[in-house]
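Listed below, chain by chain, are the residues.
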Amino acid sequence: MEKKTRNENVREDEISKMFVKFSDYLLKISCERETSLKRKDYEALLKIAVENLSFVHSGSVLTMNEAEEFCYIATYNHDYELLKNVRFRKQEMLMRRFKQTYVIKRRSLDLVKELSSKIDEDDNSLKQRVSSVDNIKAFVSMPIRVQRKVIGFFNLDSWEDEDIFEKKNFQPYAEMMSRLISISAERFELIKILKEQNEQLTRNTLTDTLTHLPNLRALGNYFDKYVELANRSLNNLYLLCIDITNFDKVVHTYDVEFGENLIRKLSKHLLSLIRKSDIVGRIESSSFGVITLSRGIPKPLITRINQGIVEFSEKLGLDLDVSIGVAEYGTDGKELDVLLKRARTYMHTIANDEKLAE
């Protein structure tokens, strides 16, 4: 009786030490970074388990891809190059594996046959390459869950005998390992979701909700970057202010919804009139700003925008009054708001300047 107790203590001590190392590694990577678990992480976890458990000899990790198929992302003491292209559909996976940590024994599943059917049969080295799979007597499969959905399996194999995991009483530890991996994977998934939502919120605060063009705040961010570009090049930085001066009259004649649709269409048309290197944003209800780089006053751009809006209004059967003003960085000011005011000051004079048509 004393001898049996000592053996049980040795067994429990071996598993406990492995579990501590396993959990420490997961805790470390979960605290040190914000990116999801990758192949090297799973390989490290497999290595910890295999090298610290005398009755475990190999392992693998399956994860779900975009097609909702399970594929091998990491292996230990298996030929990864052989297994990386193997795919399992949901229907091929034992459903019990989706519900709990599950021990799969040799007699319940012909592993070699199942894998061989998914591997090129013309491969002459197949037998040698699948020898590690052929040695498996049983493996414990631990589901990886994220938001209650199984997204993968962490598998540990024994080449000893089919009942080894029951004899070692490994099931409770396997369940804890499954929960730890799942918690870590879910944490990274939540971080990813939060980042995406924050990025979306940032885009929303920098985007005009009606036209989806940059708003005045976003235009300011672009302005700072274009100032740097202008300083490093031979070009000057110009700010154009475009205004539909009779927009309120159009809205009064029709309605607000008509005016909003008009601004949406006009914003898309403006994008077709400017160069790819130019930035256009909506700064007020019927006013747009364009940041552009040019050696001199961008007369061709101003003329193209003016004519383009006139043609646009004629096509819609409207009579839109277009006013365009331009201010030069350095000459008229160095702040965006100052340049906007100066561009509005010049608006009617420059928009109707005959020299722009030259």
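In every chain, residue numbers begin from 1 and rise along the written sequence. Whole-chain, interface and lining totals are the exception, using all residues; otherwise, since this is a predicted model, local features are given only for residues with pLDDT of at least 70 and side-chain atom pairs are given and counted only at 80 or more. For side-chain calculations, the full set of non-hydrogen atoms in the structure is used, while hydrogens and water are omitted.

Chemist: Outline the overall build of the protein chain, listing residues and values.
Modeler: A run of H or I in DSSP counts as a helix once it spans at least four residues, and a run of E counts as a strand once it spans at least two, with each numbered from the N terminus. Looking only at helices and strands, the protein chain features 13 helices and 10 strands. Contact definition: two residues touch when any of their heavy atoms are within 4.5 Å. Expressed as a percentage of contacts within the protein chain between residues at least 6 apart in sequence, the contacts between residues at least 24 apart total 66%. Of the roughly 20,100 Å² of accessible surface on the protein chain, 49% is carried by carbon and sulfur atoms. Per-residue and other accessible areas were derived by the Shrake-Rupley procedure at a 1.4 Å probe size, with only the shown protein chains allowed to occlude residues.

Chemist: Explain a negative patch on the surface to me, and be specific about the residues and the numbers.
Modeler: Patches in this entry comprise residues that are over 30% relatively accessible and not in a salt bridge; like charges within 9 Å are linked, as are nonpolar side chains (Val, Leu, Ile, Met, Phe, Trp, Tyr) within 5 Å. Salt-bridge detection follows one rule: a side-chain nitrogen of Lys or Arg within 4 Å of a carboxyl oxygen of Asp or Glu. The sign given to each residue is positive for Lys and Arg and negative for Asp and Glu; His and the chain ends receive no count. Working definition for charges: the position is that of NZ of Lys, CZ of Arg, CG of Asp or CD of Glu. Taken together, D224, E228, E335 and D337 make up a surface patch of like negative charges. Structurally, the position occupied by E335 is in the loop between β10 (322-328) and α13 (336-351).

Chemist: Can you lay out the nonpolar core for me, pointing to particular residues and giving the numbers?
Modeler: F22, Y42, F154, L156, F165, F170 and M177 are the most contacted members of the largest nonpolar core, which has 37 residues in total. The greatest single-element share of this core, amounting to 7 residues, is contributed by helix α8 (residues 171-205). Setting aside residues no more than four positions away along its own chain, L156 makes contact with L46, A49, V56, S58, G59, A138, F139, V140, M142, F165, F170 and M177. To define a nonpolar core, start from buried Ala, Val, Leu, Ile, Met, Phe, Trp, Tyr and Cys residues and group those joined through side-chain atoms within 4.5 Å. Relative accessibility under 20% of the residue-type maximum defines a buried residue, over 50% an exposed one, and the middle range a partly exposed one, all with a 1.4 Å probe and only protein chains included.

Chemist: Explain the environment of G259 to me, and be specific about the residues and the numbers.
Modeler: Topologically, G259 is positioned in helix α11 (residues 256-273). When the C-alpha atoms of G259 and S285 are compared, they prove to be 9.6 Å apart, with 26 residues separating the residues in sequence. Leaving out residues up to four positions away in the same chain, G259 has contacts with F247 and V251.

Chemist: I'd love a proper account of the packing of aromatic side chains, names of residues and values included.
Modeler: Pairing of aromatic rings covers Phe, Tyr and the six-membered ring of Trp, with a centre-to-centre limit of 6.5 Å; geometry is then stacked below 30 degrees between planes, edge-to-face above 60, and tilted otherwise. In this structure the tally under the stated criterion is 9 aromatic pairs. Considering the side-chain rings of F22 and F154, the 5.7 Å spacing of their centres and the 80 degrees angle between planes classify their relative orientation as edge-to-face. Residue F22 is located in helix α1 (residues 2-32), and its partner F154 is located in strand β6 (residues 149-158); the two are separated by 132 residues in the primary sequence. You can call F22 buried: its relative accessible area is 0%. A relative accessible area of 0% places F154 in the buried class. Centroid distance Y254 to F258: 4.2 Å. Interplanar angle 20 degrees. Geometry classified as stacked. The class for Y254 is partly exposed, based on a relative accessible area of 42%. Aromatic rings pair up to connect F55, F165 and F170 into one cluster. By definition here, charges over rings are those cases where NZ of Lys or CZ of Arg is within 6 Å of the ring centre and within 35 degrees of the ring normal. Directly above the aromatic system of Y80 lies the positively charged group of R39, at a separation of 3.7 Å from the ring centroid.

Chemist: Explain the pattern of salt bridges to me, and be specific about the residues and the numbers.
Modeler: Tallying each qualifying case throughout the model produces 12 salt bridges. The partner of E43 in a salt bridge is R39, and the shortest N-O contact between them spans 2.8 Å. One end of the pair, E43, and the other, R39, are both in helix α2 (residues 39-52), 4 residues apart, so they sit about a helical turn from each other. Take E43: its relative accessible area is 25%, and that puts it in the partly exposed class.

Chemist: Hey, could you go over the sheet that holds β10 for me, with residue numbers and the actual values?
Modeler: Two strands are said to pair when DSSP picks up at least two bridges between them. Taken in spatial order, the 4 strands line up as β8-β9-β7-β10 in an open sheet, and their pairing is antiparallel. A strand with exactly one partner marks an edge of an open sheet, and here the two such strands are β8 (279-282) and β10. Taking each pair of neighbouring strands and ignoring which way they run, the sheet shows an average axis angle of 20 degrees. Judged from the 8 bridges that link them, strand β7 (residues 236-244) and strand β9 (residues 287-294) form a sheet pairing that is antiparallel. When the bridges of β9 are listed, L237 appears paired with L293. Lines fitted to C-alpha atoms define the axes here, with helix axes fitted over just the stretch in contact, and angles between the N-to-C directions of these axes take values from 0 to 180 degrees. Packing of helix α9 (residues 216-232) onto the sheet brings it into contact with β7, β8 and β9, and relative to β9 it is tilted by some 10 degrees.

Chemist: Lay out α11 with the relevant residues and their values.
Modeler: One less than the number of residues in a helix, times 1.5 Å, gives the span that helix is expected to have. Compared with the 26 Å implied by 1.5 Å per residue over 18 residues, the 26 Å span of α11 between its first and last C-alpha is a close match. Within α11 the residues assigned to the buried category are G259, L262, I263, L266, S267, L270 and L273. Buried residues in α11, looked at end-on, bunch into an arc of 140 degrees, giving them a common side. Across from the buried face of α11, at angles greater than 90 degrees, the exposed residues are E257, K268 and S272. Elements that come into contact with the buried residues of α11 comprise β7, α10 (247-253), β8, β9 and α12 (299-315). Here a polar contact is taken to be a pair of N or O atoms separated by no more than 3.5 Å, where protein atoms must pair a possible hydrogen donor with a possible acceptor and residues adjacent in sequence count only if both atoms sit in side chains. At the N-terminal boundary of α11, the capping side chain belongs to D255, with an oxygen 3.2 Å from the backbone nitrogen of E257. Arc definition: directions from the helix axis to the C-beta atoms.

Chemist: Run through the environment of V61, naming residues and quoting values.
Modeler: Structurally, V61 can be placed in strand β1 (residues 58-64). In the structure, V61 is positioned 18 residues away from E43 in sequence and 8.4 Å away in space, judged by C-alpha atoms. Discounting residues that sit within four places of it in the chain, V61 has contacts with Y42, L46, C71, Y72, I73, A74, I144, F153 and F154.

Chemist: So what's going on with the side chain of S158? Residues and values would help.
Modeler: Tracing the sequence through the fold places S158 in strand β6. Of note is the side chain of S158, whose polar atom sits 2.7 Å from the backbone oxygen of F55. Only 3.2 Å separates the side chain of S158 from the backbone nitrogen of E160, close enough to count as a polar contact. Beyond its immediate stretch of four places on either side in the chain, S158 contacts F55, H57, N135, I136, K137, A138, I164 and F165.

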